[in-house]
2 protein chains.
Amino acid sequence: MEPRSKLWVEKDGKLALSDYRVRLLRLIDETGSLAEAAAQMQLSYRRAWGKVKEIERNLDVKLVESAAGGAGGGGSRLTAEGRRLIERYERFGAAVEQDLARDFARAFERDP
Amino acid sequence: MEPRSKLWVEKDGKLALSDYRVRLLRLIDETGSLAEAAAQMQLSYRRAWGKVKEIERNLDVKLVESAAGGAGGGGSRLTAEGRRLIERYERFGAAVEQDLARDFARAFERDP
């Protein structure tokens, strides 16, 4: 048997962060481009943008800032707050994964 | 912000136990009746029975035994293995819930 879990964070009862959402933000940070992040997640630009706006609305914080286009087109990047948030979420996820495995072993694999 | 999680246990890639499934088994144990447990979960008897059989199949273990009807009709109860399994799952769930809250506080509520 293997334990499984799905993790997310709500604010005022609304979905704020999830593995999926944080992956999108992480990709924006890594690629410097919302279009590229969207493509890597097989999302339309419009849908990815809507997702970012929804996260910002639900958390009431600005997470992504876009530079105006130029020769190479505009880019997008995370705000300091956006970066801090994904780091916290990833730290949270890693800790939960570790604890989950330990809790499962304690509950299931030892004698009563 | 509040952390949320959904927990389940798979065996060989198949869903074996979840909060919902364990709640059904727990109700069979408490009421001594599959019909009553099904009613409390607003499931048809047939659907509840199918769920129990599916859990047993996926775990390859007998969890519920039924007595033949008599004056008061037959009853159902958990096998010793069934009871042990739900106790383990509930212990697992409680530990994860506690760790989740602690991991969230550590990741999100303290400075960096």
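Residues numbered from 1 in each chain as written. Chains lettered and ligands numbered in written order. Predicted model: local features only at pLDDT ≥ 70, side-chain atom pairs only at ≥ 80, totals over all residues. Heavy atoms only, no water.

Quick look at the interface of chain A and chain B
Piece 1. With 33 residues of chain A at the interface, the matching set in chain B holds 33 residues.
Piece 2. Summed over both partners, the interface of chain A with chain B comes to about 2,800 Å²; 58% of that surface belongs to carbon and sulfur atoms.
Piece 3. If you sort the residues of chain A by the area they bury against chain B, Arg4, Arg88 and Phe108 of chain A come out on top, with a joint share of 21%.
Piece 4. In this assembly, chain A and chain B are joined by four salt bridges. (Contact = heavy atoms within 4.5 Å. Buried area = accessible area lost by both parts, 1.4 Å probe. Salt bridge = Lys/Arg side-chain N within 4 Å of Asp/Glu carboxyl O.)

Looking at the relation of the copies chain A and chain B
Piece 1. Superposing chain A onto chain B takes a rotation of 180° plus a shift of 0.0 Å along the axis, which leaves an RMSD of 0.0 Å. The two molecules are tied by a two-fold rotation axis, judged by turn and shift. Taking C-alpha positions as reference, the residue of chain A nearest the rotation axis is Lys6 of chain A, located at 2.5 Å.
Piece 2. By residue overlap, the copies meet face to face through one surface: 100% of the interface positions of chain A are interface positions in chain B. (Least-squares fit on C-alpha atoms with pLDDT ≥ 70 in both.)

What about the packing of helix H1 (residues 19–31) of chain A against helix H4 (residues 80–109) of chain A?
All names here are of chain A.
Piece 1. Taken N-terminus to C-terminus, the directions of H1 and H4 make an angle of 135°; their axes are 10 Å apart at the nearest point. Considered as vectors, H1 and H4 are oriented oblique to each other. Here H1 and H4 pass one another in a crossing that is left-handed. Between H1 and H4, the contacting residues are Asp19, Val22, Leu25, Arg26 and Asp29 on the first element and Arg83, Ile86, Glu87, Tyr89 and Glu90 on the second.
Piece 2. Split into classes, the residues belonging to the contact of H1 with H4 amount to four nonpolar, no polar and six charged. (Axes fitted to C-alpha atoms, helices over the stretch in contact; angles between N-to-C directions. Helix = DSSP H or I, 4+ residues; strand = E, 2+ residues; numbered from the N terminus. Parallel < 35°, antiparallel > 145°, perpendicular 65-115°, else oblique. Left-handed = near helix turned anticlockwise from the far one by under 90°. Nonpolar A, V, L, I, M, F, W, Y, C, P; charged D, E, K, R; others polar.)

Focus: the pairing of strand S2 (residues 14–18) of chain A
Residues and elements named next belong to chain A.
Piece 1. With four bridges connecting them, strand S1 (residues 2–11) and S2 associate as antiparallel partners. Looking across to S2, one finds that Lys11 is bridged to Lys14.
Piece 2. The hairpin formed by S1 and S2 contains two residues between the paired strands, and Asp12 there has a positive phi angle of roughly 50°. (Pairing = 2+ DSSP bridges.)

A few points about the confidence of the model for chain A
Low-pLDDT portions of the prediction should not be read for the details of their coordinates.
Piece 1. Confidence in the prediction for chain A averages 91 pLDDT; 91% of positions are at 70 or higher.
Piece 2. With pTM at 0.85, the complex prediction returns an ipTM value of 0.86. (pLDDT = per-residue confidence, 0-100.)

Quick notes on the layout of surface pockets
Piece 1. Of the voids in this model, the largest pocket is the one considered here, and its volume is about 400 Å³.
Piece 2. Along its surface, the largest pocket is lined by 18 residues, and Ser5, Lys6, Leu7, Asp19 and Tyr89 of chain B are the ones closest to its centre.
Piece 3. Put simply, the parts of the chain that give the lining of the largest pocket at least two residues each are strand S1 (2–11), strand S2 (14–18), helix H1 (19–31) and helix H4 (80–109) of chain B.
Piece 4. Split into classes, the residues belonging to the lining of the largest pocket amount to nine nonpolar, three polar and six charged.
Piece 5. There is about 290 Å³ of room inside the second largest pocket.
Piece 6. Every residue lining the second largest pocket is counted, 16 residues in all, and those nearest its centre are Leu7, Asp19, Gly93, Ala94 and Glu97 of chain A.
Piece 7. Elements supplying a minimum of two residues to the lining of the second largest pocket: S1, H1 and H4 of chain A.
Piece 8. In terms of residue count, the dominant contributor to the lining of the second largest pocket is H4 of chain A (eight residues). (1 Å grid on protein atoms, 1.4 Å probe; cavity = no way out; pocket = protein on both sides within 12 Å on 5 of 7 lines; lining within 4 Å. Points joined across faces, edges and corners; volume = space filled by probe spheres on them.)

Structural notes on the packing of aromatic side chains
Piece 1. For the structure on display, the rule yields eight aromatic pairs over all chains.
Piece 2. Measuring from centroid to centroid gives 6.2 Å for Tyr89 of chain B and Phe92 of chain B, while their planes differ by 75°, and the two rings are edge-to-face. Pair noted here: Tyr89 of chain B and Phe92 of chain B are both in helix H4, with a separation of three residues, about one helical turn.
Piece 3. On the basis of relative accessibility, which here comes to 2%, the residue Tyr89 of chain B falls in the buried class.
Piece 4. Members of the aromatic cluster, each reached through a chain of ring pairs, are Tyr89 and Phe92 of chain A together with Phe104 and Phe108 of chain B. (Phe/Tyr/Trp six-rings, centres within 6.5 Å; stacked < 30°, edge-to-face > 60°. Buried < 20%, exposed > 50% of the residue type's maximum accessible area, 1.4 Å probe, protein only.)

Let's talk about the environment of Asn58 of chain A
Residues and elements named next belong to chain A.
Piece 1. By the element assignment, Asn58 lies in helix H3 (residues 45–59).
Piece 2. The sequence separation of Asn58 and Lys11 amounts to 47 residues, and the corresponding C-alpha distance is 6.7 Å.
Piece 3. Sequence-distant contacts of Asn58, defined by excluding residues within four places in its chain, comprise Lys11, Lys14, Leu15 and Arg21.
Piece 4. A polar contact of 2.8 Å, which involves the side chain of Asn58, links it to the backbone oxygen of Leu15. (Polar contact = N/O pair within 3.5 Å; in protein donor to acceptor, adjacent residues only side chain to side chain.)

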